[in-house]
Amino acid sequence: MSAIELKNITKKWGDVTAVDNISLSVDEGSFVVLLGPSGCGKSTTLRMIAGLDTASSGTISIAGKDVTSLPPAARKISMVFQSYALFPHLSVAENIIFGLKVRKVPAPIRQKRLEKVVDIVGLAGLTDRKPSQLSGGQRQRVALARAIIAENGICLMDEPLSNLDAKLRHDMRVEIRALQQRLGMTVIYVTHDQAEAMSMADKVILLRDGHIEQVGTPEGLYGKPETLFTASFIGTPPMNLVELANGPEGAVVLGGSDHVVFKGPGEGRVLGVRPEDISLSDDSGLLVELTAADYLGADTILNAPVGNQIIQIRVPGRYRLGEKNRVHLTWPQEAVHIFEKASGKKIENSNITTGKVGNAA
Ligand SMILES: Nc1ncnc2c1ncn2[C@@H]1O[C@H](COP(=O)(O)OP(=O)(O)O)[C@@H](O)[C@H]1O
Ligand SMILES: [Mg+2]
């Protein structure tokens, strides 16, 4: 049985369809990330699961029970927000046990659970402080502690790390994931940051304009994007998506030379290849002139304009421009993804060399 299941959930705000007929399931004890650009319906979906917003249509089940019309308190779910949502006039300890007090959990039990979670989230020694006397990371730990102490088993998190600086965000990412696994929590985590999704999720649900674009493991989304949107959203830098044209002997890069990238029609198609799958060669492949080198420490991102398009290449270590700017680009055939430009859909390998553009369905 799924811990959480959404069936055909739609949410309309007047004329705006924020969430458009979404169905999804979350296994018990798993870490599921709702990923997508701003405004795609992530928060609305999460708030409907929590019961803070009401779905326009569809059903939501928790542990096999239909909770669609139940109020938040009856759903036994904890929530962590980007804004922390702490009470400024209450101490750390009082903030953490607030919900238990409301639910009239006896004081000795509250105290015992408080000591335990304070330890788990690393807030020992800080429980008498007010939120204003804490750093951003510590405040988010208070919010986490408040979610954990409820012992609900299901925790919903809406961009909980967005207010933290990059280093702390990375540390907290690792901590939250470890905590989730240690406590066996079921987590739905909302973020617009693909790196966060890739590093934390068992399953990623990629949303776009209120609908589900693709569902998969992080490796699945990275390795087998089904659409141009998924290909462009996962990875930094993302996959090169190069428009093609028909050359004399097969598909060529639009605006580039007659170098054949595969035997088959190119017009209306887009070639996807990740920067890390491209190698530089002295004598074979697509001839380009490198125009920029962005050194990142472990590797360098090179820019190679072809017509109006720029192909990016990731090479290990430091690559200095000037020594050798004219190079050939090569990539293994299995690293290539072909998409139909009009529909944005991936073309199956067996159809690439034929005249069929896109899925015939
Ligand atoms: N309370 C609301 N009233 C009207 N429109 C809303 C409301 N909340 C969200 N929306 C709209 O619904 C869409 C999805 O919003 P949201 O779920 O907050 O996106 P995300 O969290 O992915 O950034 C957006 O177009 C947003 O403007
Ligand atoms: Mg949001």
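The structure displayed is predicted, hence computed values, not measured ones. (Residues numbered from 1 in each chain as written. Chains lettered and ligands numbered in written order. Predicted model: local features only at pLDDT ≥ 70, side-chain atom pairs only at ≥ 80, totals over all residues.)

**Structural notes on unusual backbone geometry**
Operational definition: Each helix is a run of H or I in the DSSP string that is no shorter than four residues. Each strand is a run of E no shorter than two, and both are numbered from the N terminus. Here the C-beta atoms are placed from the backbone, and a residue counts as buried if at least 20 other C-beta atoms lie within 10 Å of its own, exposed if 12 or fewer do, and partly exposed otherwise.
Cis peptide bonds are those with omega within 30 degrees of zero, and the linkage from Thr236 to Pro237 qualifies with -15 degrees. Positionally, Pro237 belongs in the loop between helix H8 (228-233) and strand E11 (240-246). One non-glycine residue with positive phi stands out, namely Glu159, at about 45 degrees. Along the chain, Glu159 turns up in the loop between strand E7 (154-158) and helix H5 (166-183). Among the residues examined, Glu159 registers 20 C-beta atoms within 10 Å and is labelled buried. Residues other than glycine seldom take positive phi values, yet Asp209 does so here, at roughly 45 degrees. Mapping Asp209 onto the fold places it in the loop between strand E9 (203-208) and strand E10 (211-216). The partly exposed category is assigned to Asp209, around which 15 C-beta atoms lie within 10 Å.

**So, the sheet that holds strand E12 (residues 251-253)**
Counted only if it meets this: Only strands that DSSP links by at least two bridges are regarded as paired with each other. To obtain an axis, a line is fitted to C-alpha atoms, over the contacting stretch when the element is a helix, and the angle between two such axes runs from 0 to 180 degrees between their N-to-C directions.
Taken in spatial order, the four strands make up an open sheet running E12-E11-E13-E20, and their pairing is antiparallel. Bordering the open sheet on either side are E12 and strand E20 (337-340), each of which pairs with just one other strand. Neighbouring strand axes in the sheet, compared pairwise and without regard to direction, differ in orientation by 40 degrees on average. Where strand E13 (residues 269-273) and E20 come together, four bridges link them in antiparallel fashion. By the bridge assignment, Val270 is partnered in E20 with Phe339.

**Thoughts on the sheet that holds strand E17 (residues 299-306)**
Taken together, three strands build an open sheet; the order of strands is E16-E17-E18 and the sheet is antiparallel. Every other strand in the sheet has two partners, leaving strand E16 (292-295) and strand E18 (309-316) as the edge strands with one partner each. Averaged over all pairs of adjacent strands, the angle between strand axes in this sheet comes to 20 degrees, irrespective of strand direction. Summarising the sheet, E17 and E18 pair through eight bridges and their orientation is antiparallel. Counterpart to Thr300 in the pairing with E18 is Val315.

**Thoughts on the site of ligand 1**
Worth spelling out the cut-off: Nearness rests on one distance test: the residue's C-beta atom, set from the backbone, must lie within 6 Å of the molecule or strand.
If you check the shell around ligand 1, you find Trp13, Val16, Ala18, Gly36, Ser38, Gly39, Cys40, Gly41, Lys42, Ser43 and Thr44 and nothing else. Counting residues per element, the ones that place at least two in the shell around ligand 1 are strand E2 (16-27) and helix H1 (42-50). Ranked by the residues each element gives to the shell around ligand 1, the list is headed by H1, at three residues.

**Here's the deal with the nonpolar core**
The condition that has to hold: The nonpolar core criterion groups buried Ala, Val, Leu, Ile, Met, Phe, Trp, Tyr and Cys residues into a set whenever they are joined through C-beta atoms within 7 Å.
Val33, Ile96, Ala145, Ile149, Ile188 and Ile205 are the most contacted members of the largest nonpolar core, which has 63 residues in total. Top element by residues in this core is helix H4 (residues 136-149). It accounts for seven residues.

**Quick look at H1**
Think of an α-helix as turning once every 3.6 residues; residues three or four places apart then point the same way. Burial analysis of H1 places eight of its nine residues in the buried class, the great majority of the element. Residues Lys42, Ser43, Thr44, Thr45, Leu46, Arg47, Met48 and Ile49 constitute the buried set of H1. In the segment just after H1, Gly51 is the residue with positive phi, at about 90 degrees.

**Some thoughts on the pairing of strand E8 (residues 186-191)**
We count it as follows: Handedness of a crossover is defined as follows: with both strands directed away from the viewer, a clockwise route from the first strand across the helix to the second makes it right-handed.
With six of six residues buried, E8 is to be regarded as a mostly interior element. Side chains Thr186, Ile188 and Val190 project from E8 onto one buried face, and the interleaved Val187, Tyr189 and Thr191 project onto a second face that is buried too. The pairing of strand E3 (residues 31-35) with E8 spans five bridges and is parallel. When the bridges of E8 are listed, Val33 appears paired with Tyr189. Remark: the E7/H5/E8 crossover connection has right-handed handedness.

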